[in-house]
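# Structure at a glance
The residues making up each chain are set out below.
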Amino acid sequence: MKISIIGCGRWGSFHAWYSSKIGHTVKLYGRATSKNMQMLESTRGNEYLKLPENVQLTKNLEDAINFASVIIISVGTQNFRALLEEIKSLNINLAEKKFVLCMKGLESKTGKRLSTIFEEILQSKNVAVWVGPGHVQDFVRRIPNCMVMTSPNEKLTREVVEIFKSPLIRFYYGADLIGIEIGAAAKNVIGIAAGMLDGFNCTSLKGALMARGTVELSRLVESLGGDKMTVYGLSHLGDYEATLFSNHSRNRKFGEDFVQNKKFDKLAEGTETVIALMELSKSTGVELPICRAVFKIIYENADPEEQLMNLFMRSTKAE
């Protein structure tokens, strides 16, 4: 099958590598101004992997969209709306194309989920969401993991799983699009909090962080019309090991470096997602204590140690 990947960063390049390895014909799109694309053009690789020789590279978005019947999108969440507007402006018939969003985040200005933005702009429900635990560094070493796929309809979910399943990635079928998208986005914020605990040598508090993080997000998911139990699956709790503990986790590393006053120069999606979560907390009336603490630390110059210790060391209360 012909697969196009839109986005040539860490995960975009992985999806090109993976799709080729499981037998698909692959084209990878990146902008001409992208340093990631320039590196791939000159070396066929990046710090994570080497692309198979049969992966085609293109800097023409129209070419990438026309090429494939299945299109993976893996770009920074806050750039997603602009990308969709650009795709829309191409006036390509998208009716027979399947889109797969391999991204985790919420639009910071609106708090909207990615599938919602997709439907609004492209007027289509032909979109699936692929999330779950795993790091590029582990996958390219052939370390297997389980992930979850979901969409607005079960038929599409099953079709996309059949296209991308392999011994390296086992998929579970997700039935709760709201819960999976919110959970996948929010775990990055919990990851930042975990990194901050590491920075203060309070790693032992991660157990309490995990227990409380799932509870506060389950309440938000339920208030938005999702299943509160979804956060205990692969999109959220199941991704905690990779996000809260792994040295490969950018969000965890961002939190650790932040409280130690070190510069962090890579994308940590949780920094924008926490803004969206504060908007959702306000609109739903659901309290999100961990997310609020992270927001106050990053954006309001609140004392990190005080905010974190207040979460866990306050007066006794019922669990």
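Okay, so let's go over this structure. (Residues numbered from 1 in each chain as written. Predicted model: local features only at pLDDT ≥ 70, side-chain atom pairs only at ≥ 80, totals over all residues. Heavy atoms only, no water.)

## Side note on the sheet that holds strand β5 (residues 98-101)
Reading across from one edge, β3-β2-β1-β4-β5-β6-β7-β8 is the order of the 8 strands in this open sheet, with mixed pairing throughout. Edge positions in the open sheet fall to β3 (56-58) and β8 (169-173), since each of these has one partner strand only. Recorded for the sheet is a direction-independent mean angle of 25° between the axes of neighbouring strands. Relative to β8, strand β7 (residues 145-150) is paired through 5 bridges, and the arrangement is parallel. From the neighbouring strand, methionine 147 faces β8, where its bridge partner is phenylalanine 171. Most of the contacts of helix α2 (residues 35-43) go to β3, to which it runs at about 140°, and overall it touches β2 (25-29) and β3. (Pairing = 2+ DSSP bridges. Helix = DSSP H or I, 4+ residues; strand = E, 2+ residues; numbered from the N terminus. Axes fitted to C-alpha atoms, helices over the stretch in contact; angles between N-to-C directions. Contact = heavy atoms within 4.5 Å.)

## Structural notes on the side chain of arginine 10
In this structure, arginine 10 sits in helix α1 (residues 10-21). Among buried charged residues, arginine 10 stands out as having no salt bridge; its nearest opposite-charge side chain is glutamate 47, 8.0 Å away. With residues near it in sequence (within four places) discarded, arginine 10 still touches Tyr48, Val136, His248 and Arg250. (Buried < 20%, exposed > 50% of the residue type's maximum accessible area, 1.4 Å probe, protein only. Lys, Arg positive; Asp, Glu negative; His and termini not counted. Salt bridge = Lys/Arg side-chain N within 4 Å of Asp/Glu carboxyl O.)

## Some details on the pattern of salt bridges
Counted under the stated rule, the structure contains 20 salt bridges. The salt bridge involving aspartate 138 is made with arginine 141; its shortest N-O contact spans 3.6 Å. Owing to a relative accessible area of 58%, arginine 141 belongs among the exposed residues under this scheme. Three or more residues are tied together by salt bridges with common partners; here these are Asp198, Lys206, Arg252, Lys253, Glu256 and Asp257.

## Quick notes on the environment of serine 74
Within the secondary structure, serine 74 is located in the loop between β4 (70-73) and α4 (80-89). For serine 74, a relative accessible area of 10% corresponds to the buried category. In sequence terms serine 74 and leucine 101 are 27 residues apart; their C-alpha atoms lie 6.5 Å from each other. Setting aside chain neighbours within four positions, we find serine 74 in contact with Ile6, Gly7, Trp11, Gly12, Cys102 and Met103. At a separation of 3.4 Å, a polar atom in the side chain of serine 74 contacts the main-chain carbonyl oxygen of cysteine 102. (Polar contact = N/O pair within 3.5 Å; in protein donor to acceptor, adjacent residues only side chain to side chain.)

## As for unusual backbone geometry
Unlike most non-glycine residues, glutamine 123 shows phi in positive territory, near 55°. A positive phi angle, close to 55°, is found at asparagine 261, a residue other than glycine. Tracing the chain through its elements places asparagine 261 in the loop between α11 (250-259) and α12 (270-284).

## Observations concerning the layout of surface pockets
A volume near 1,200 Å³ is recorded for the largest pocket. If you trace the largest pocket, you find 47 residues lining it, with Gly9, Arg10, Val75, Gly76 and Leu267 closest to the centre. Put simply, the parts of the chain that give the lining of the largest pocket at least two residues each are α1, α2, α4, β6 (127-131), α8 (177-199), α10 (240-245) and α11. Counting residues per element, the lining of the largest pocket draws most heavily on α1, which supplies 4 residues. (1 Å grid on protein atoms, 1.4 Å probe; cavity = no way out; pocket = protein on both sides within 12 Å on 5 of 7 lines; lining within 4 Å. Points joined across faces, edges and corners; volume = space filled by probe spheres on them.)

## Concerning helix α7 (residues 154-164)
Among all positions in α7, only Leu156, Thr157, Val160, Val161, Ile163 and Phe164 are buried. Along the axis of α7, the buried residues cluster in a sector spanning 160°; they form a single face. Structural note: α7 exposes Glu154 and Lys155 on the side pointing more than 90 degrees away from its buried face. (Arc of directions from axis to C-beta.)

## A few points about the nonpolar core
In this structure, Ile182, Leu197, Leu209, Leu217, Leu220, Leu277 and Cys291 are the most contacted members of the largest nonpolar core, which totals 42 residues. Counting only elements with at least two residues in this core, the list comes to α8, α9 (206-223), α10, α11, α12, α13 (289-299) and α14 (304-312). Per element, the largest residue contribution to this core is 11 residues, and it comes from α8. Counting 34 residues, the second largest nonpolar core, distinct from the first, contains Trp17, Phe139, Val160 and Ile163. (Core = buried A, V, L, I, M, F, W, Y, C linked by side-chain atoms within 4.5 Å.)

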